[in-house]
Amino acid sequence: MREKLMELLSDPSRKMNAKELAYLAACFREIMFTVLHERQTGHWGGSSSAIELTTSLYFNRLNIDPKNPKWEDRDRFVLSKGHASVNLYTVLGARGYFPLEDVHHFRELGSYLQGHPAMLKIPGVDMSTGALGHGVSVALGMAEAARQSGKKYKTYVMTGEGCLDEGSTWEALLAAAKYKPEGLILMIDYNKVQLDGTEGQILDLEPLRDKLVSFGWHVNEEKYDGNNTEDILKSFEWMDSDDVWPKACIYDTIKGARVDFSEGKNTWHGAAIDDEHYEIGIKQLNADADKKEALL
Ligand SMILES: Cc1ncc(C[n+]2csc(CCOP(=O)(O)OP(=O)(O)O)c2C)c(N)n1
């Protein structure tokens, strides 16, 4: 592991700034790419697109205590796009829920870190996910539970376009606008590419912002680049800028980001990373992490 990364992770509860978050995310990309190559399985594209988002949540935003993963007042996070599990496991391991090295046992027979997140087995996982389309309903339930029990925690749910193509999501969006629980935040990793084609080819969501607004959600007007940690921190300020609920934040991201042959390609949604592509990709990821390290 890089020395600088070890230094930052020696105090993972410190609120990291944008440059530190960008560096952490770049290091996590190296780890994810390596694990997926080692294990010859898993989902690179959507894990890479969302790594700045999850890193910023866990290292700047969420009110959590990894030593007490079931703390009742903790903020909740639901990764509705559960196929991006290697992303969540890397961030949870780095944040201190379990040893980060365990991520190298991703999807091994008998490992607790299986292909999709399992809440009964993995410390820090608030909801088991993998079947697309359930996250928003579950998060609504969590946020409603907070409202009814007078708790102040926030509930964040992350979807890609796949979840938004599921009818159940839109029922949950309608219901959320009816109950308006405080602290419910939908984060959309809008990389515009799915498993076997682009979002436009599979089921077009545009105009997405207008649709969410018409369903009664408070949605960001400013555009945010979800692979840019300064933009993500701005989006967090926007979340805190008023008391209108529920909120949805659309982030423009790049599927398979930072490895040129995978950027924007559905073919790298869940393909095993062979040796030849690993050698090319890891060089680019090392260079990106070096660049971010130099900026610290
Ligand atoms: C209900 C359901 N149908 C199909 C799948 C198979 N599947 C896994 S990922 C995926 C595409 C997801 O696209 P998106 O949400 O855009 O993912 P991202 O690009 O963010 O990885 C599909 C169809 C599934 N997991 N669940």
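Preceding this paragraph is the structure being described.
Residues numbered from 1 in each chain as written. Predicted model: local features only at pLDDT ≥ 70, side-chain atom pairs only at ≥ 80, totals over all residues. Heavy atoms only, no water.

Caption draft 1: Region of interest: the pairing of strand S6 (residues 247–252). Most of S6 sits inside the fold, with five of its six residues counted as buried. Examined bridge by bridge, strand S3 (residues 184–190) and S6 share six bridges and lie parallel to one another. Looking at the pairing, Met 187 lines up with Cys 249 of S6. Pairing between strand S4 (residues 218–219) and S6: two bridges, direction parallel. Within the sheet, the bridge partner assigned to His 218 lies in S6 and is Lys 247. In the sheet, strand S5 (residues 224–225) pairs with S6 via two bridges, with the strands oriented parallel. Bridge assignment links Tyr 224 to a residue of S6, and that residue is Tyr 251. (Buried < 20%, exposed > 50% of the residue type's maximum accessible area, 1.4 Å probe, protein only. Helix = DSSP H or I, 4+ residues; strand = E, 2+ residues; numbered from the N terminus. Pairing = 2+ DSSP bridges.)

Caption draft 2: Summary view of the side chain of Thr 34. Take Thr 34: it is sitting in helix H2 (residues 18–39). Classification of Thr 34 by relative accessible area gives buried; the value is 17%. For Thr 34, the side chain forms a polar contact with the main-chain oxygen of Glu 30, separated by 2.8 Å. Residue contacts for Thr 34: discarding those within four places in its chain leaves Tyr 278 and Ile 282. (Polar contact = N/O pair within 3.5 Å; in protein donor to acceptor, adjacent residues only side chain to side chain. Contact = heavy atoms within 4.5 Å.)

Caption draft 3: Highlighting the site of the ligand. Taken together, 17 residues surround the ligand, and among them Lys 81, His 83, Gly 130, Gly 162 and Lys 255 come closest. At 2.8 Å, a side-chain N or O of Lys 81 approaches an oxygen atom of the ligand. Protein coverage of the free-state accessible area of the ligand, which is 600 Å², stands at 76%. By residue class, the composition of the shell around the ligand is four nonpolar, eight polar and five charged. (Near = heavy atom within 4 Å. Areas by Shrake-Rupley, 256 points an atom, 1.4 Å probe, with all protein chains shown as cover. Nonpolar A, V, L, I, M, F, W, Y, C, P; charged D, E, K, R; others polar.)

Caption draft 4: Up close: the pattern of salt bridges. Under the defined criterion, the tally for this structure stands at 19 salt bridges. Where Asp 73 meets Lys 151, a salt bridge forms, and the shortest distance between an N and an O atom there is 3.0 Å. Linking Asp 73 in the loop between helix H4 (51–61) and strand S1 (76–79) with Lys 151 in the loop between helix H6 (135–149) and strand S2 (155–159), this pair joins segments that are 78 residues apart in sequence. Between Glu 144 and Arg 147 there is a salt bridge; the shortest N-O distance is 2.6 Å. Of this pair, Glu 144 and Arg 147 both sit in helix H6, separated by three residues, roughly a single helical turn. Relative accessible area serves as the criterion here: at 45%, Arg 147 is assigned to the partly exposed category. (Salt bridge = Lys/Arg side-chain N within 4 Å of Asp/Glu carboxyl O.)

Caption draft 5: Highlighting a negative patch on the surface. Judged by side-chain charge, Asp 274, Asp 275, Glu 276 and Glu 279 come together as a negatively charged surface patch. Locating Asp 275 in the fold gives a position in helix H12 (residues 275–294). (Patch = residues over 30% accessible without salt bridge, like charges linked within 9 Å, V, L, I, M, F, W, Y side chains within 5 Å. Lys, Arg positive; Asp, Glu negative; His and termini not counted. Charge placed at Lys NZ, Arg CZ, Asp CG, Glu CD.)

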